[in-house]
Amino acid sequence: MGSMSTVLTLPEMRRALGRRDPGYDGLFYFGVRTTGIFCRPSCSSRKPKPRNVEFFSNPREASFAGYRPCKRCHPLEAGGAAPGWVRRLLERIETRPESRMRDAELRRLGIEPARARRWFLKHYGMTFQAYSRARRMGRALHDIKRGIAMDEVAIGRGYESHSGFREAFAKTFGAAPAAAREQDCILVGWMESPLGPLLAAANSRHVVLVEFTERRMLEAQFDTLRRRFRCAIVPGDNEHLRKLRDELVEYFDGRRRRFTVPLAFPGTPFQKKVWSELMKIPYGETRSYEDIARAVGSASAVRAVGQTNGLNRICVVIPCHRVVNKDGKLGGYGGGLWRKQALLELEQGRRQLELKAPEPAAQWAWQKHG
């Protein structure tokens, strides 16, 4: 089930399944061989016998293994709300940004450090401790740009010495705090959607990433962004992320057909041609890989178009889901074919996708914080 850093042990999954623990929803799924159905850990259906259970990292794996989604817990339709213990952690970080939560403190709160590590790795691409440090540094950068004195920033963010703060700042941003007013960074936040959690990122000028959180390429995408934009990635919020959230809500509600958020998608000349062509596909319509290849002037590069489509870092907004096989079949989709089908059905008026109101503590990245 994924890389070693995110592996859940078989006994742990069995215990979570036995307790119907909602805190593990999104971390794994299970299929029941005797029924051919797969569910979330918290599903209230009758508990299967252990010998009949097979575990999966995500709905895509379960679907490819031949299982169909449970009609009781709706594993494909889950909005991906953060579990209560995660919301408590996020709230703690926001209300007490200077505090550092060691493993012992997590255990006092009834949270296993390994569990927190896995959840944040899966949904943010970084461990809980790395997330906390990055959030502190992101807020420190914001404070420095507002003209707050260095002494106040260092102490306010929980650092006992200037040297410790300067070292941590330089490690995150690649420059000393004195140069911070000229520093840009990529801010990343999490949001719910009717098709599962989304991770979005933006710098001071553009949205640069929109991805479903269980994408296995997420860490590689972060590495690409750091290299392309030559800046740090930290949790945070800005006007582009807030606008993106509003437009995605309208899109999933069927009220928006065109996105207006500014985008940046660096790549090779061929990749940028393909991604730009994707944005020309009208809402509610599809194009084949062959159509896109011809449109970018490389009629024989059908396979390269498919590969570039799969490398799209800004899903939904750059509509790679509108590209299908020549025979009309769905083809591939990094977020899972079930999502591709749902998006096409939404745009063709054959399906409604309801977006529940976000939990305030879980949605800090889409709100203003000083």
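Residues numbered from 1 in each chain as written. Predicted model: local features only at pLDDT ≥ 70, side-chain atom pairs only at ≥ 80, totals over all residues. Heavy atoms only, no water.

Caption draft 1: The arrangement of the nonpolar core in detail. One finds Leu89, Phe120, Tyr124 and Val210 to be the most contacted residues of the largest nonpolar core, which totals 87 residues. Formed by five residues, the second largest nonpolar core is a distinct cluster that contains Tyr29, Phe56, Ala62 and Tyr67. (Core = buried A, V, L, I, M, F, W, Y, C linked by side-chain atoms within 4.5 Å. Buried < 20%, exposed > 50% of the residue type's maximum accessible area, 1.4 Å probe, protein only.)

Caption draft 2: View of helix α10 (residues 239-252). For α10, built from 14 residues, the straight-helix expectation of 20 Å at 1.5 Å per residue is met to within 8% by its first-to-last C-alpha distance of 20 Å. Its buried side turned inward, α10 meets β5 (186-191), β6 (198-202), β7 (207-212) and α14 (337-347). Measuring from the side-chain oxygen of the N-cap residue of α10 to the backbone nitrogen of His240 gives 3.1 Å; that N-cap residue is Asn238. Looking one or two places after α10, you find Gly254, whose phi comes out positive at around 80°. (Helix = DSSP H or I, 4+ residues; strand = E, 2+ residues; numbered from the N terminus. Expected span 1.5 Å × (residues − 1). Contact = heavy atoms within 4.5 Å. Polar contact = N/O pair within 3.5 Å; in protein donor to acceptor, adjacent residues only side chain to side chain.)

Caption draft 3: Spatial organisation of the pattern of salt bridges. All told, the structure shown has 16 salt bridges when counted by the stated rule. Between Glu250 and Arg256 there is a salt bridge; the shortest N-O distance is 2.8 Å. The residue Glu345 makes a salt bridge to Arg350 at a minimum N-O spacing of 3.9 Å. Overall, Glu345 belongs to the buried group, its relative accessible area being 13%. One salt-bridge network, held together by shared partners, links Arg19, Asp21 and Arg115. (Salt bridge = Lys/Arg side-chain N within 4 Å of Asp/Glu carboxyl O.)

Caption draft 4: Local environment of the packing of aromatic side chains. One pass over the full model with this rule turns up 13 aromatic pairs. Ring centres of Trp119 and Phe120 lie 5.4 Å apart, and the angle between their planes is 70°; this geometry places the pair in the edge-to-face category. The residues Trp119 and Phe120 share a single accessibility class, namely buried. One aromatic cluster is present, formed by Trp85, Trp119, Phe120, Phe128, Tyr131 and Trp190 through successive ring pairs. Between Arg339 and the ring centre of Phe212, over which it is positioned, the NZ or CZ distance is 4.0 Å. (Phe/Tyr/Trp six-rings, centres within 6.5 Å; stacked < 30°, edge-to-face > 60°. Lys NZ or Arg CZ within 6 Å of the ring centre and 35° of its normal.)

Caption draft 5: Quick peek at unusual backbone geometry. Notably, Arg20 is not glycine yet its phi reads approximately 50°, a positive angle. Examined against the element boundaries, Arg20 turns out to sit in the loop between α1 (10-19) and β1 (29-32). Unlike most non-glycine residues, Val316 shows phi in positive territory, near 70°. Structurally, Val316 is set in the loop between α13 (302-310) and β10 (323-324).

Caption draft 6: Here's a closer look at the sheet that holds strand β2 (residues 37-39). Here four strands make up an open sheet; going across it, the order is β3-β1-β2-β4 and the pairing mixed. The sheet is open, and its two edges are formed by β3 (53-56) and β4 (68-69), each paired on a single side. As judged from the three bridges shared by β1 and β2, these two strands associate in the antiparallel manner. Within β2, the residue paired with Gly31 across the bridge is Phe38. Here α1 sits on the sheet and contacts β1 and β3; the angle it forms with β3, its principal contact strand, is near 110°. (Pairing = 2+ DSSP bridges. Axes fitted to C-alpha atoms, helices over the stretch in contact; angles between N-to-C directions.)

Caption draft 7: Local environment of the side chain of Arg313. Here Arg313 lies in the loop between α13 and β10. It is Glu211 that comes nearest to the buried, bridge-free Arg313 among opposite-charge side chains, at 7.6 Å. One polar contact links the side chain of Arg313 to the main-chain carbonyl oxygen of Pro266, over a distance of 2.5 Å. With residues near it in sequence (within four places) discarded, Arg313 still touches Val208, Leu209, Val210, Glu211, Gln221, Thr224, Leu225, Phe265, Pro266 and Trp275. (Lys, Arg positive; Asp, Glu negative; His and termini not counted.)

Caption draft 8: Geometry of the environment of Tyr333. Residue placement: Tyr333 occurs in the loop between β10 and α14. Taking the C-alpha atoms as reference points, Tyr333 and Cys320, 13 residues apart in sequence, are found 8.0 Å from one another. Setting aside anything within four residues of it in sequence, one finds Tyr333 in contact with Arg60, Phe212, Cys315, Cys320, His321, Arg339, Lys340 and Leu343.

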